[in-house]
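Spelled out from the first residue to the last, the chains are:
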Amino acid sequence: MSTRHILLGLLSSGPSHGYDLKRRHDERFPQARPLAYGQVYTTLQRLVRDALAEVEGTDSDGGPERTVYRATEDGERELARWAGETAPPAPFVANEIFAKVVVAILSGGDPAAYLLRQRDAHMARMRELTKVKTTPGADLATVLSADYALSHLDADLRWMTTTADRLSTLTAEVTAR
Amino acid sequence: MSATTEPLLAARDLVKAHGRTDALRGASAELHAGEVLAVTGPSGSGKSTLLHCMAGILRPDGGSVHYEGLRLDTCTEDRLSALRRTDFGVVFQFGQLIPELTLTDNVALPLMLAGTSRREARARAGEWLGRFGVGDRADARPGELSGGQAQRGALARALVTGPRVVFADEPTGALDSLAGEQVMTELVSAARASGAAVLLVTHDARVAAYADREIRLADGRAAVTEGAV
Ligand SMILES: Nc1ncnc2c1ncn2[C@@H]1O[C@H](COP(=O)(O)OP(=O)(O)O)[C@@H](O)[C@H]1O
Ligand SMILES: [Mg+2]
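Here the structure is a predicted model, which means the values were calculated and not measured.

(A) Highlighting the overall build of chain A. Counting its secondary structure elements, chain A contains 8 helices and 3 strands. For chain A, the succession of helices and strands along the chain, N to C, is α-β-α-α-β-β-α-α-α-α-α. At 22 Å, chain A has a C-alpha radius of gyration far larger than the 16 Å of a compact globule built from 177 residues. C-alpha atoms of chain A, sized along the principal axes, occupy 65 × 40 × 30 Å. Within chain A, the proportion of its 177 residues that are buried is 34%. In chain A, the proportion of contacts linking residues at least 24 apart, taken out of those at least 6 apart, comes to 56%. Accessible surface computed for chain A: about 11,100 Å², of which carbon and sulfur atoms make up 56%.

Encoded structure:
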């Protein structure tokens, strides 16, 4: 995920300071990890260094002085390029679950029991996400990002079910080498 | 909803064969008042048979089903049908709406069977249809409805009598994913608002995630129970 493009995107709707950008980011992407202030400031400095953003001035608004940034024309162009570019569909996702299954087979462990526990952990997370998105008043951004996570967890579960059904064949294949 | 309170509905060691197929071989499940319990498992694992036994639609060959103080598996047919009218509501994948009746009359029917006047029953049916967002389809017949609208009508029909248990067997099975999510949201929020417990049979993890906890069937037995009780 490109934090610099996301901050640039937030800046493109109007000049803003770091604290405000962090707040808007966390609101707009509720299921994402909240941005750390440090990360916001280093990212802003790099955007300025690369001439994609510039300092507009300072704003104190009664409180401490804050540097206000705005996107440059280069920044807007870069943003348009990034937003229109397709994200690469991952051909082989780094699959920790599969690695654990294979290691369990190699080490004489119990991959079936592991898959059941993993399934329970996935279901518990799916119940949490479903609660989040069905809470009355949840906004569409929250619903859609929970749906994204739910779809991926559901895909993992389907894969785990198929794998559990084929463990004896996989065990034979893994231990034959 | 704590493990120490008596369950509202409890199936113990159920055995049930369909002809020569052993559909249940010692399945147990407990449903507590007000909870949403998912019964999951692969196709053919006995989920629907378990639901039918717990709802008093099928009689098991062995084991017991207790609803509060009453043994459902041995009580009289009259007692069972009375209970199904007053305490239980059902939502299936499709087919529970009567094609010849309007949506309003479909939803009013369970109330009328329980002795409510037609006028009063239709008024309450109208309120429930409105609550599920199909008030404007009240005069349509099931054949004129989309899958999602028909299923909302079925939800209204299941809930209109104020049941203590709603039995839902693959309630989103015939719907696309967005309509399915909406029907699940409405089912769970209506059940929570009225304090009804839900026994939700599904093979779909995304649907099961609407429940408070889950039991998983494999070969006619409950394999795993998990989730917060
Ligand atoms: N009416 C029936 N007649 C014969 N076999 C049946 C009947 N209903 C279910 N079965 C069989 O019983 C087993 C369990 O079925 P069911 O309870 O419908 O499972 P699920 O709902 O999990 O798919 C399956 O093997 C199914 O083919
Ligand atoms: Mg079934």
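There's plenty left to go through after this.
(B) Geometry of the packing of aromatic side chains. Inspection of the entire model under this criterion finds 5 aromatic pairs over all chains. Consider the rings of A:F98 and A:W159, whose centres lie 5.9 Å apart with planes at 85 degrees: the pair is edge-to-face. On the criterion of sequence distance, the pair formed by A:F98 in helix α5 (residues 96-106) and A:W159 in helix α7 (residues 140-165) is long-range, its members being 61 residues apart. Residue classification places A:W159 among the partly exposed residues on the basis of a relative accessible area of 28%. Above the plane of the ring of A:Y37 lies A:K22, whose end atom (NZ or CZ) is 5.4 Å from the centre. Here the guanidinium or amino end of B:R131 rests over the ring plane of B:W128, the centre of that ring lying 3.9 Å away.

(C) A look at the interface of chain A and chain B. Counting from both sides, the interface comprises 15 residues of chain A and, opposite them, 16 residues of chain B. A buried area of about 1,300 Å², summed over both sides, lies between chain A and chain B, and 50% of it is on carbon and sulfur atoms. Joining chain A to chain B, the criterion identifies 4 salt bridges. A salt bridge links B:E181 to A:K133, with the nearest nitrogen and oxygen atoms 2.5 Å apart. Along the contact surface separating chain A from chain B lie 4 residue pairs in polar contact (both at pLDDT 80 or more). Of all elements in the fold, only α6 (111-134) and α7 of chain A reach the threshold of two or more residues within the side of chain A that touches chain B. In terms of residue count, the dominant contributor to the side of chain A that touches chain B is α6(A) (10 residues). A breakdown of the residues in the side of chain A that touches chain B according to their chemical character gives 5 nonpolar, 3 polar and 7 charged.

(D) Region of interest: the side chain of B:D169. Residues and elements named next belong to chain B. With respect to the element layout, D169 can be found in strand β7 (residues 165-169). Put simply, D169 is tucked away with no salt bridge, and the nearest opposite charge, on K47, sits 7.1 Å away. Polar side-chain contacts of D169 include one of 2.7 Å to the side chain of S48. Those residues in contact with D169 that sit more than four places away from it in its chain are S48, L51, H52, V91, F92, Q93 and V201.

(E) Expanded view of helix α3 (residues 37-49) of chain A. All names here are of chain A. With 13 residues, α3 extends 18 Å between its outermost C-alpha atoms, agreeing within 8% with the 18 Å of an ideal straight helix rising 1.5 Å per residue. Taken together, the buried positions of α3 are occupied by V40, T43, L44 and L47. All buried residues of α3 lie within an arc of 100 degrees about the axis, which places them on one face of the element. Of the exposed residues in α3, the ones pointing more than 90 degrees away from its buried face are Q45 and R49. Two residues or fewer past α3, A51 is found with a positive phi of approximately 65 degrees.

(F) Structural view of the UniProt feature "domain: Transcription regulator PadR N-terminal" (unreviewed entry) in chain A. UniProt marks residues 7-80 of chain A with the feature "domain: Transcription regulator PadR N-terminal" (unreviewed entry), using the numbering shown here. Overall, residues 7-80 of chain A shows 50% helix and 20% strand. The separation of its end C-alpha atoms is 13 Å.

(G) The arrangement of the nonpolar core in detail. One finds A:M126 and B:F132 to be the most contacted residues of the largest nonpolar core, which totals 60 residues. Among the elements that line this core, the one with the most residues is helix α6 (residues 177-194) of chain B, at 7 residues. Residues contacting B:F132, with those up to four places away along its chain left out, are B:R152, B:L155, B:A156, B:L159, B:E186 and B:A190. If you look at the next biggest cluster of nonpolar residues, it comprises 31 residues, including B:L24, B:M54, B:V90 and B:I215.

The rules behind each value
Residues numbered from 1 in each chain as written. Chains lettered and ligands numbered in written order. Predicted model: local features only at pLDDT ≥ 70, side-chain atom pairs only at ≥ 80, totals over all residues. Heavy atoms only, no water. Helix = DSSP H or I, 4+ residues; strand = E, 2+ residues; numbered from the N terminus. Rg over C-alpha atoms; globule rule 2.2 N^0.38 Å. Buried < 20%, exposed > 50% of the residue type's maximum accessible area, 1.4 Å probe, protein only. Contact = heavy atoms within 4.5 Å. Areas by Shrake-Rupley, 256 points an atom, 1.4 Å probe, with all protein chains shown as cover. Phe/Tyr/Trp six-rings, centres within 6.5 Å; stacked < 30°, edge-to-face > 60°. Lys NZ or Arg CZ within 6 Å of the ring centre and 35° of its normal. Buried area = accessible area lost by both parts, 1.4 Å probe. Salt bridge = Lys/Arg side-chain N within 4 Å of Asp/Glu carboxyl O. Polar contact = N/O pair within 3.5 Å; in protein donor to acceptor, adjacent residues only side chain to side chain. Nonpolar A, V, L, I, M, F, W, Y, C, P; charged D, E, K, R; others polar. Lys, Arg positive; Asp, Glu negative; His and termini not counted. Expected span 1.5 Å × (residues − 1). Arc of directions from axis to C-beta. UniProt positions renumbered as here; feature names shortened; annotations may be inferred. Core = buried A, V, L, I, M, F, W, Y, C linked by side-chain atoms within 4.5 Å.

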